[in-house]
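# A look at the structure
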Amino acid sequence: MRFVFFTAAAAAAIASATPSLAAEPASATTAAPVTDPARIAAARQTVDYVFPLGTYARLMNGTLDKMMDSIMDSTMKLPLKQLAGLSGVDTENLGEASMAEIMEIYDPAFKQRMQISTRTMMGEMIPLMTQVEPDIRDGLTQAYAGKYTAAQLGELNAFFATPTGKAYAADSYLIMMSPEVMTKMQGFVPKLMEQMPAIVEKVKAASAALPEPRNYSDLSKSEKARLAKLLGVSESQLEKDEKAKAAKPE
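The text that follows walks through the structure, step by step, so that each part is easy to find. Quick caveat, the model's predicted, so the values are computed rather than measured.

## Quick notes on the overall build of the protein
Each helix and strand counted, the protein has 12 helices and 0 strands in total. Counting from the amino terminus, the protein carries its helices and strands in the arrangement α-α-α-α-α-α-α-α-α-α-α-α. Every one of the 250 residues in the protein was classed for burial, and the buried ones make up 29%. Nonlocal contacts in the protein, meaning residues at least 24 apart in sequence, comprise 76% of its contacts between residues at least 6 apart. When the accessible surface of the protein is split by element, carbon and sulfur atoms take 61% of a total near 16,400 Å².

So, in structure tokens, the structure goes:
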């Protein structure tokens, strides 16, 4: 089930991040809304070209399936020792077998099971993502209007009105997830896994000056009361649960 959760989380993250491929934010903070009618009208026309309604359905109905299959295949081919080491597990006695080899023993239908899971999740997510498309389009309109002048948007729209421009605009959000690009991206996963232990150590070093997270016993009475309220349990139940948790061996 962990792999099913990974599939769903990764798919949602990829789908929700897709608009950033073409419209990067003007700054790290949210800019003031653009109110110039000319720029808004021109930007809305641009969005009609590059992100028409139905874009998420096109993305998730085939393109994202292949991308998820590619990511899963690359991850499953990595040595289990490498994957386990990322979570701090002692890997000294682990062999060089990959997760794929191990799953062939536990579940010979694992790959097909994951593909079915991916397809099913995509099918369920398409209507949800389609519901948010109008809001995404509004956000993109503001992003384009904030980044480009009305004259620049007019030039973009003039290009998008040509046969070549229409062809480019229709696929501008999908091309980064094309099989040709994703085949090259597969090489990133093993490189990332190889570097991850060093990255983790750098993160630890960078955050070494921060205070350690507090235990329940370190909290004040008012903080415990607030925590119980946030968790939707009584203070006595929270106290009982935390004592039971503390009594468990590490």
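Next comes the rest of the write-up.
## Here we look at the environment of Ser 220
Structurally, Ser 220 can be placed in the loop between helix H10 (188-206) and helix H11 (221-231). Overall, Ser 220 belongs to the partly exposed group, its relative accessible area being 31%. At 3.1 Å, the side chain of Ser 220 forms a polar contact with the side chain of Ser 222.

## Topic: the packing of aromatic side chains
Counted according to the given criterion, the structure contains 6 aromatic pairs. Each ring, one from Phe 159 and one from Phe 160, has its centre 5.7 Å from the other, and the planes form 45°; the classification is tilted. Looking at Phe 159, the relative accessible area reads 37%, which means it is partly exposed. Since its relative accessible area comes to 5%, Phe 160 is described here as buried.

## Notes on the pattern of salt bridges
If the charged atoms of two oppositely charged side chains come close together, the side chains can form a pair. In total, this model carries 6 salt bridges according to the counting rule given. In this structure, Arg 137 engages Asp 48 in a salt bridge whose closest nitrogen and oxygen atoms are separated by 2.7 Å. Residue Arg 137 is found in helix H6 (residues 110-147), and its partner Asp 48 is found in helix H2 (residues 37-50); the two are separated by 89 residues along the sequence. Residue Arg 137 is classed as buried on the basis of its relative accessible area of 16%. Taking relative accessible area as the criterion, Asp 48 reaches 41% and is therefore assigned partly exposed. For Glu 223, the salt bridge goes to Arg 214, with nearest N and O atoms at 3.1 Å.

## Let's talk about the packing of H2 against H6
The interhelical angle for the contact between H2 and H6, taken along N-to-C directions, is 125°, at an axis separation of 8 Å. Judged on the interaxial angle alone, H6 and H2 are oblique. The handedness of the crossing between H2 and H6 comes out as right-handed. Taken together, the residues of H6 that come into contact with H2 (itself represented by Arg 39, Ile 40, Ala 43, Arg 44, Thr 46, Val 47, Asp 48 and Val 50) are Arg 137, Leu 140, Thr 141, Gln 142, Tyr 144, Ala 145, Gly 146 and Lys 147. Per-class residue counts for the contact of H2 with H6 are 7 nonpolar, 4 polar and 5 charged.

## Quick word on the nonpolar core
By size, the foremost hydrophobic cluster in this structure holds 27 residues, and its most contacted members are Val 50, Phe 51, Met 60 and Tyr 144. Sorting the residues of this core by element identifies H2, helix H3 (55-76), H6 and helix H7 (150-160) as the ones contributing at least two each. If one sorts the elements of this core by residue count, H6 sits on top with 7 residues. Setting aside chain neighbours within four positions, we find Phe 51 in contact with Tyr 56, Glu 133, Ile 136, Arg 137, Leu 140 and Tyr 173. The next biggest cluster of nonpolar side chains, apart from the first, holds 6 residues, and it includes Met 72, Met 99, Phe 110 and Met 114.

## Overview of the side chain of Thr 46
Mapped onto the fold, Thr 46 is located in helix H2. Once residues within four sequence positions are removed from consideration, Thr 46 is found in contact with Tyr 144, Leu 153, Asn 157 and Phe 160.

## Digging into H2
For H2, built from 14 residues, the straight-helix expectation of 20 Å at 1.5 Å per residue is met to within 8% by its first-to-last C-alpha distance of 20 Å. The complete set of buried residues in H2 reads Ile 40, Ala 42, Ala 43, Thr 46, Val 47 and Val 50. Looking straight down H2, one finds that the buried residues subtend no more than 165° of arc, so they occupy a single side. Lining the buried residues of H2 we find H6, H7 and helix H8 (163-171).

## Observations concerning the environment of Gly 154
Along the polypeptide, Gly 154 turns up in helix H7. The class of Gly 154 is partly exposed, set by a relative accessible area of 35%. In the structure, Gly 154 is positioned 116 residues away from Ala 38 in sequence and 9.9 Å away in space, judged by C-alpha atoms.

Cut-off values and rules
- Residues numbered from 1 in each chain as written.
- Predicted model: local features only at pLDDT ≥ 70, side-chain atom pairs only at ≥ 80, totals over all residues.
- Heavy atoms only, no water.
- Helix = DSSP H or I, 4+ residues; strand = E, 2+ residues; numbered from the N terminus.
- Buried < 20%, exposed > 50% of the residue type's maximum accessible area, 1.4 Å probe, protein only.
- Contact = heavy atoms within 4.5 Å.
- Areas by Shrake-Rupley, 256 points an atom, 1.4 Å probe, with all protein chains shown as cover.
- Polar contact = N/O pair within 3.5 Å; in protein donor to acceptor, adjacent residues only side chain to side chain.
- Phe/Tyr/Trp six-rings, centres within 6.5 Å; stacked < 30°, edge-to-face > 60°.
- Salt bridge = Lys/Arg side-chain N within 4 Å of Asp/Glu carboxyl O.
- Axes fitted to C-alpha atoms, helices over the stretch in contact; angles between N-to-C directions.
- Parallel < 35°, antiparallel > 145°, perpendicular 65-115°, else oblique.
- Left-handed = near helix turned anticlockwise from the far one by under 90°.
- Nonpolar A, V, L, I, M, F, W, Y, C, P; charged D, E, K, R; others polar.
- Core = buried A, V, L, I, M, F, W, Y, C linked by side-chain atoms within 4.5 Å.
- Expected span 1.5 Å × (residues − 1).
- Arc of directions from axis to C-beta.

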